[in-house]
Every structure is written in C-alpha cells, then in structure tokens.
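Each chain, written out:
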Amino acid sequence: AANGKLHIIDSYATWQATPKLALALEGDYVIQRLWTYSPPSHTSGGAAYARYQVSPKFAIGGRTEYLSDRGGLFSGATQALKETTLTLEQKIREGFLLREEWRRDFSNRRYFLTDTLGILEEEQNTVTVGLVWWFGPKQGAW
C-alpha cells in the first residue's frame, strides 16, 4: 500500500453584503506524495461567487474558478484550468426551484473532448437545466 501523505488546506469567506447580495471567496492548496520518496504533486486554486436576489421568485448568480493542477493530481495532466458560470434561478412555486446554468471551462492545453475522436480543444461550453424540489420547513435564500 502507498505510504505517502495527502495534505489539504481549504478556506473560504462569505459576506452578505446586502439582504439581496451574497459574496464568497474560496482558496485551496493540496500537496500529495503517493510514496514517501515520491515527488510531490501540488495543486492550488480559488473561486469567487456572487448571487443577487432580483425578486422573491428570481435570482442570478455568477462564479469563476482557477485551478493550477501541477502534476495532474485532480485532472490527470499538468495544466491551469479555469471556469466561469452564470446561473439563473426561478422559484416556480413553493418547494420547486428551476435553475438554468451556462458554464465555460478552459485550459492552457488541449484537454476537452470534441465530436472527433482524438481531437481535443482548450475550452468547452455546457448548459444545464435542473429542478430542485424540497419539502419541510425552509427559511432564507439558497
């Protein structure tokens, strides 16, 4: 069995700037050695988030992230990964929340799959639609 060590430092801060605006920052640092004599893999990154409650039934959010994956600890390849996301939230009725999300991932190397076998791109776009259903007492914004 491997006898190396994994160390993770994860920190974040949130601030409710106004009753409608929430902001957050996150920072991470990870170092791993698979064996005690292995060279270390270092990964560091951070993220920034913002969410604004436009009305009681509609909110908009944004996020940006950066990951320096030296040694390919998380992605399998040494690279700098970045992403931006825009999220729209609509409260359909009590207990149901619809979220539409557009996300753009990009890297400093060709990493993302394409429609052509063996051809990779430096970026990709995705769109997601999700339905959140909850029951029981819920208080405050999510």
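So, here is what we can say about the structure in this document. (Residues numbered from 1 in each chain as written. Predicted model: local features only at pLDDT ≥ 70, side-chain atom pairs only at ≥ 80, totals over all residues. Heavy atoms only, no water.)

### Looking at the overall build of the chain
Point 1. From N to C terminus, the chain includes 0 helices and 9 strands.
Point 2. Mapped from its N terminus to its C terminus, the chain presents α and β elements in the order β-β-β-β-β-β-β-β-β.
Point 3. Radius of gyration (C-alpha) of the chain: 19 Å, far over the 14 Å computed for a compact globule of 142 residues.
Point 4. A principal-axis box enclosing the C-alpha atoms of the chain has dimensions of 55 × 40 × 30 Å.
Point 5. Evaluated residue by residue, the chain yields a buried proportion of 20% over its 142 residues.
Point 6. Here the contacts in the chain between residues at least 6 apart in sequence split such that 41% fall between residues at least 24 apart.
Point 7. Accessible surface, the chain as shown: approximately 9,800 Å² in total, 61% of it carbon and sulfur. (Helix = DSSP H or I, 4+ residues; strand = E, 2+ residues; numbered from the N terminus. Rg over C-alpha atoms; globule rule 2.2 N^0.38 Å. Buried < 20%, exposed > 50% of the residue type's maximum accessible area, 1.4 Å probe, protein only. Contact = heavy atoms within 4.5 Å. Areas by Shrake-Rupley, 256 points an atom, 1.4 Å probe, with all protein chains shown as cover.)

### A look at the packing of aromatic side chains
Point 1. Following the criterion strictly, the structure yields 4 aromatic pairs and no others.
Point 2. Note on W133 and F135: the rings are 5.4 Å apart at their centroids and 45 degrees apart in plane angle, and the pair reads as tilted.
Point 3. The class for F135 is exposed, based on a relative accessible area of 68%.
Point 4. Among the aromatic residues, those joined into a ring-pair cluster are F96, W133 and F135. (Phe/Tyr/Trp six-rings, centres within 6.5 Å; stacked < 30°, edge-to-face > 60°.)

### Structural notes on the pattern of salt bridges
Point 1. Counting across every chain of the model gives 9 salt bridges.
Point 2. Measuring nitrogen to oxygen at the nearest pair gives 2.6 Å for the salt bridge that ties R51 to E89. Of the two residues, R51 sits in strand 3 (residues 41-55) while E89 sits in strand 5 (residues 79-93), which places them 38 residues apart along the sequence.
Point 3. Looking at R51, the relative accessible area reads 18%, which means it is buried.
Point 4. In this structure, the salt-bridge partner of K91 is E94, at a minimum N-O distance of 3.1 Å.
Point 5. A relative accessible area of 55% places E94 in the exposed class.
Point 6. Taken together, the salt bridges that share partners define one network made up of R63, E65, E83, R103 and D105. (Salt bridge = Lys/Arg side-chain N within 4 Å of Asp/Glu carboxyl O.)

### Structural notes on the side chain of S41
Point 1. Summarising the element assignment, S41 is placed in strand 3.
Point 2. The buried category is assigned to S41, whose relative accessible area is 17%.
Point 3. Among all residues touching S41, those that are not within four sequence positions of it are V30, I31, Q32, R70, G71 and L73.

### Here we look at the pairing of strand 3
Moving residue by residue along a regular strand, the side chains alternate between the two faces of the sheet.
Point 1. Pairing geometry for strand 2 (residues 21-32) and strand 3, over 12 bridges, is antiparallel. Paired with E26 across the bridge in strand 3 is A47.
Point 2. Bridge analysis of strand 3 against strand 4 (residues 58-70) gives 13 bridges, and the strand direction is antiparallel. Paired with S55 across the bridge in strand 4 is F58. (Pairing = 2+ DSSP bridges.)

### Section: the sheet that holds strand 5
Point 1. If you trace the 7 strands from one edge of the open sheet to the other, you get 1-2-3-4-5-6-9, paired in antiparallel fashion. Each having just a single partner strand, strand 1 (6-16) and strand 9 (123-133) make up the two edges of the open sheet. The average angle at which neighbouring strand axes cross in this sheet is 15 degrees, direction not considered. (Axes fitted to C-alpha atoms, helices over the stretch in contact; angles between N-to-C directions.)

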